[in-house]
Every structure is written in C-alpha cells, then in structure tokens.
There are 2 protein chains.
Amino acid sequence: MGVVRRQQGEWRWENSELYAYTSNAATKQVVIGREDGANNFEVRVFTIPPHGFSSLDEHAHDHGVLILHGHSRVMLGERFEEINAGDVVYIPGNERHQFENLSDEPLVFLCIIPPKPVQPKAETAPAAEGVPAQG
Amino acid sequence: MGVVRRQQGEWRWENSELYAYTSNAATKQVVIGREDGANNFEVRVFTIPPHGFSSLDEHAHDHGVLILHGHSRVMLGERFEEINAGDVVYIPGNERHQFENLSDEPLVFLCIIPPKPVQPKAETAPAAEGVPAQG
C-alpha cells in the first residue's frame, strides 16, 4: 500500500525517526525504506550543521543525491565541486566522497542508495533529547 | 566518476534531455541514469502543467517520489491524498497511481525507479521546439 510521508516543520518528515551521527552532529532520517515495503532502494535525508561535514566515505554502493537546502562543497574522488539547492550528484561505488556545508544555514540533502542487507546500525544511534533540531 | 548535474533555470537540469509525454503535455528529465553509470536506480524529474495529470499507471516496478514544487492530489490504488512540496510518497509495485496538479503552478516531482532493462522509449519522444518551458 502506498505511503505518504509529509514534511513537518522545516527539515523533518512524519513517522521518520531522527538518527544522529554522533561524530559530527549530522542527522539522518529514512523517508522511504524497508519499513514502507521498499526493497529496491532506500531514500534518506541528511542534515549537516553550518560549516560541518558529512562522514568521509568510500564504499561499494553508489549514491544519488539532491541538495534540498544550502550551499556545499562536495568531494568526488580527487575533485571538489560547489553545489547548491536543486543540484543533483551521482556518486558511483568506491568513489571517496564527503559533503561540506559552506554556509551558516543547515545543509540538507536527499540521498538514494540501493537496497542493502539488514544489519545493525553500528554507526548511528537514535537521537537523544539534546540533539539540536534542524532548520 | 562522480557526476554533478546542476539545476539551470527553474525546473531544468544541465545535460538532461527534455522528453514530452505527448498525451498530457507533461515532461520528463532523467537526472541520474545509465548514462551516468548508475545501474542500481534511475532518478527522473517530471513536470505536470497546471491542472494537468501524470499518466494513469499500474506496473510492476515501484516509485519513490519527492514533490519539489506545487500542490497535488495523488491516487494510490483507491485512495487519494493531497500533498505539497517537500512531501514524500512511496508507491509499491502494481499499485494504480496518478498525480493531479491542483494548482495554477507547474507540479514538479522527483521520481526514483529501480533499474529497468534498456528498451526503446515507446511512450516518450524528444521534446519538440514548441514544447513550453516549465516554470
């Protein structure tokens, strides 16, 4: 059955738990995932605080990204590109990548990944009370 | 190698051909696809003119949708929901669906699909000169 997940407040979606990347104060929400019956792709929203970074990552799976808000410099292998809201990035598997928030606003982006095996969320933990709200 | 596809103008992305659905004046752009090396998902942007409709569809593959602009009523099987920019919809395979643009503005949404076999684009044709620009 179809699922509608409405945006609530500036960068929050209904019925979507907020996860904190404790290393860098970034947060993650899964807006389409296995709990919705989606087995072919997963869609997440990441929020990176002003002048913060996403994790420096290099892994086998690819990413599709749409910048929803803010101004960012993205590392794609040895290349850096400045991007803004509305811009799309495709990051192939095994390419080192990181998003830097260049602005005083939150950086918010949608991130699509192929389905992955169910595994414990080692790198994330549910956001504690004290995690700052975005927006 | 990573691909950056910047938004150009209101609802156009660079290096992305504009396809017209001749039946209803909707347009489609592929913003992440096989030409970018993406074999795990495809990301498209659809624009539906004011008070227009997307195709009435029912097919095996699922959709992930993010409304980028406008106000819509979406059919999900026998259910109808009104949605706005920022809202996310998951449409499972084999669920009948259609987006109606309820407003005087273009309705623009991102649509994710799993990879499909390469096939001729039977239902689409490159937009002719006369296809109205969106936005």
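All values derive from a computational prediction rather than experimental measurement.

Counting secondary structure elements, chain A contains zero helices and 13 strands. Taken from the N to the C terminus, the helices and strands of chain A come in the order β-β-β-β-β-β-β-β-β-β-β-β-β. Relative to its full complement of 135 residues, chain A shows a buried share of 53%. Across chain A, the fraction of contacts at a sequence separation of at least 24, relative to all contacts at a separation of at least 6, is 63%. Roughly 6300 Å² of accessible area belongs to chain A as shown, and the carbon and sulfur atoms make up 50% of that amount.

This next bit is on empty space enclosed by the protein. All names here are of chain A. For the structure on display, the rule yields three cavities of 30 Å³ or more. Lining the largest cavity are Gly33, Arg34, Ala38, Asn39, Phe41, Glu42, Ile113, Pro114, Pro115 and Lys116. When grouped by side-chain class, the residues that make up the lining of the largest cavity number five nonpolar, two polar and three charged.

Take the pairing of strand S6 (residues 42-48) of chain A next. Residue and element names in this part refer to chain A. Counting buried residues along S6, seven of its seven residues qualify, which places the element largely inside the surrounding structure. Here S6 shows two buried faces, one formed by Glu42, Arg44, Phe46 and Ile48 and the other by Val43, Val45 and Thr47. Two strands pair when backbone bridges link them, and strand S5 (residues 26-32) and S6 are joined in this way by five bridges, in the antiparallel orientation. Within S6, the residue paired with Lys28 across the bridge is Phe46. Sheet analysis places S6 next to strand S12 (residues 107-113), joined by seven bridges and oriented antiparallel. When the bridges of S12 are listed, Val45 appears paired with Leu110.

All names here are of chain A. Chain-level statistics for chain A give a pLDDT mean of 89 and a share of 85% at 70 or above. Overall, residues 128-135 carries pLDDT values under 50, and its contacts beyond four positions in sequence, including any with other chains, amount to twelve contacts. Interface scoring of the predicted complex returns ipTM 0.85; its pTM is 0.86.

Attention now moves to the relation of the copies chain B and chain A. For the pair chain B and chain A, the relating rotation is 180°, the translation along its axis is 0.0 Å, and the fit reaches an RMSD of 0.0 Å. Taken together, the rotation and translation describe the operation of a two-fold axis. Looking at the rotation axis and the C-alpha trace of chain B, the residue lying nearest is Phe41 of chain B, at 3.6 Å.

With that settled, the discussion passes to the interface of chain B and chain A. If you look at the interface, chain B gives 40 residues, while chain A gives 40 residues. The contact between chain B and chain A buries some 3100 Å² in all, and 61% of this surface belongs to carbon and sulfur atoms. If you sort the residues of chain B by the area they bury against chain A, Phe41, Val88 and Tyr90 of chain B come out on top, with a joint share of 22%. The interface formed by chain B and chain A contains two salt bridges.

This part takes up the sheet that holds strand S8 (residues 71-76) of chain B. Residues and elements named next belong to chain B. With respect to topology, three strands assemble into an open sheet ordered S9-S8-S11, the strand pairing being antiparallel. Two strands in the sheet have a free side with no partner beyond their single neighbour: strand S9 (79-84) and strand S11 (97-101). Taking the axes of each pair of neighbouring strands and ignoring which way they run, one obtains an average angle of 25° across the sheet. Two strands pair when backbone bridges link them, and S8 and S11 are joined in this way by five bridges, in the antiparallel orientation. The residue bridging Ser72 from the neighbouring strand is Asn101, located in S11.

The rules behind each value
- Residues numbered from 1 in each chain as written.
- Chains lettered and ligands numbered in written order.
- Predicted model: local features only at pLDDT ≥ 70, side-chain atom pairs only at ≥ 80, totals over all residues.
- Heavy atoms only, no water.
- Helix = DSSP H or I, 4+ residues; strand = E, 2+ residues; numbered from the N terminus.
- Buried < 20%, exposed > 50% of the residue type's maximum accessible area, 1.4 Å probe, protein only.
- Contact = heavy atoms within 4.5 Å.
- Areas by Shrake-Rupley, 256 points an atom, 1.4 Å probe, with all protein chains shown as cover.
- 1 Å grid on protein atoms, 1.4 Å probe; cavity = no way out; pocket = protein on both sides within 12 Å on 5 of 7 lines; lining within 4 Å.
- Points joined across faces, edges and corners; volume = space filled by probe spheres on them.
- Nonpolar A, V, L, I, M, F, W, Y, C, P; charged D, E, K, R; others polar.
- Pairing = 2+ DSSP bridges.
- pLDDT = per-residue confidence, 0-100.
- Least-squares fit on C-alpha atoms with pLDDT ≥ 70 in both.
- Buried area = accessible area lost by both parts, 1.4 Å probe.
- Salt bridge = Lys/Arg side-chain N within 4 Å of Asp/Glu carboxyl O.
- Axes fitted to C-alpha atoms, helices over the stretch in contact; angles between N-to-C directions.

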